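Per-entry structural report
Listed below are the residues making up each chain.
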Amino acid sequence: MKNKWKKVICFLPLAVFALLEVSPLLFLLAGTFMGDQEIMEQIAPVLGQAEGYASWRLIPQYPTGKNIAGLLFNSPEFFQMFWNSVKITVGILAGQLVFGMPAAWGLARYSFRGKKIIYMLYIIMMMMPFQVTMLSEYLVLDQLNLLDTSAAVILPGMFSTFSVFIMYRFFCGIPESVSEAARIDGAGEWQIFLRIGIPLGASGIISAMVLSFLECWSMIEQSMTFLETKSLWPFSMFMPEINSSNAGLSLCASFVALLPALFVFMSGQDYLEQGIAYSAGGTDSG
């Protein structure tokens, strides 16, 4: 009985914190099915249109599907920006696979002069926020005549150092004896990479892709800096276009934007946990 109460005491605070964590998602879900008038009645104090405190209902008083219908049928820019986000995200992830995997494998499996310096440069670049590298990226893209094109967002993202770091940690965990056995059997270096490195490091690769997807899907600063033409904007740029006069549509759009990220997160949760554990295992270059 005493152990049971201990479990309850430990469980309750965790349940409260878990509910607080998911509360924004619940608010968005409820707001998706609320009318504009009902929403404004509750958040009017926040907008300075009424006195008192804002409130919120988890269950709409007058449920409606008007916001979903309006987003799907009366917002043509929604589909365009949505597919722009898909194109940008897929392009970045594909580039990280093509360039990031060989880079991570080379750093993890081979010894060469300057390896530690290159690895430290990767770590430094990984810690730099976009605001630090924004000007240099802008100047390079301008010289390449890529500004105001989708490539202006895709190209810098393809060479993300964070995905290389995650994959590097997993590749380091592959026993060297496996590679040596493959060499004895006559396998070349590319064969070892393709047939041994990628299958055994699949968890790290998927983990890196999940983390990169979550970052790319919601990126906004890169698009605001490098893109001027509205038809090229990703879905994350669709949000600022919505104001308080159509608050229901705003909440609905925000909820829809979360769904792909939520699906990818839930699908790759196990790999993501492994990636976080490996990335916390140290930053040595071996």
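For the rest of this paragraph, the subject is the environment of L26. For L26, the position within the fold is in helix α1 (residues 2-32). Measuring from C-alpha to C-alpha, the distance between L26 and L58 comes to 6.8 Å, with 32 residues separating the pair along the chain. Setting aside its immediate chain neighbours within four residues, L26 contacts L19 and L58.

Take the side chain of T32 next. Mapped onto the fold, T32 is located in helix α1. A polar side-chain atom of T32 sits 2.7 Å from the main-chain carbonyl oxygen of L28. The contact partners of T32, leaving out residues within four places of it in the chain, are T64, N67, I68, L251, C252 and F255.

What follows deals with the pattern of salt bridges. Per the counting criterion, the structure on display carries 4 salt bridges. Of the charged contacts, one joins R183 and E176 as a salt bridge, the two residues approaching to 3.3 Å between their closest N and O atoms. When its relative accessible area of 27% is taken as the criterion, R183 is described as partly exposed. Salt bridges sharing common partners tie together R109, E176, E180, R183 and E189.

Conventions and cut-offs
- Residues numbered from 1 in each chain as written.
- Predicted model: local features only at pLDDT ≥ 70, side-chain atom pairs only at ≥ 80, totals over all residues.
- Heavy atoms only, no water.
- Helix = DSSP H or I, 4+ residues; strand = E, 2+ residues; numbered from the N terminus.
- Contact = heavy atoms within 4.5 Å.
- Polar contact = N/O pair within 3.5 Å; in protein donor to acceptor, adjacent residues only side chain to side chain.
- Salt bridge = Lys/Arg side-chain N within 4 Å of Asp/Glu carboxyl O.
- Buried < 20%, exposed > 50% of the residue type's maximum accessible area, 1.4 Å probe, protein only.

Coordinates in, geometry out; function isn't part of it.
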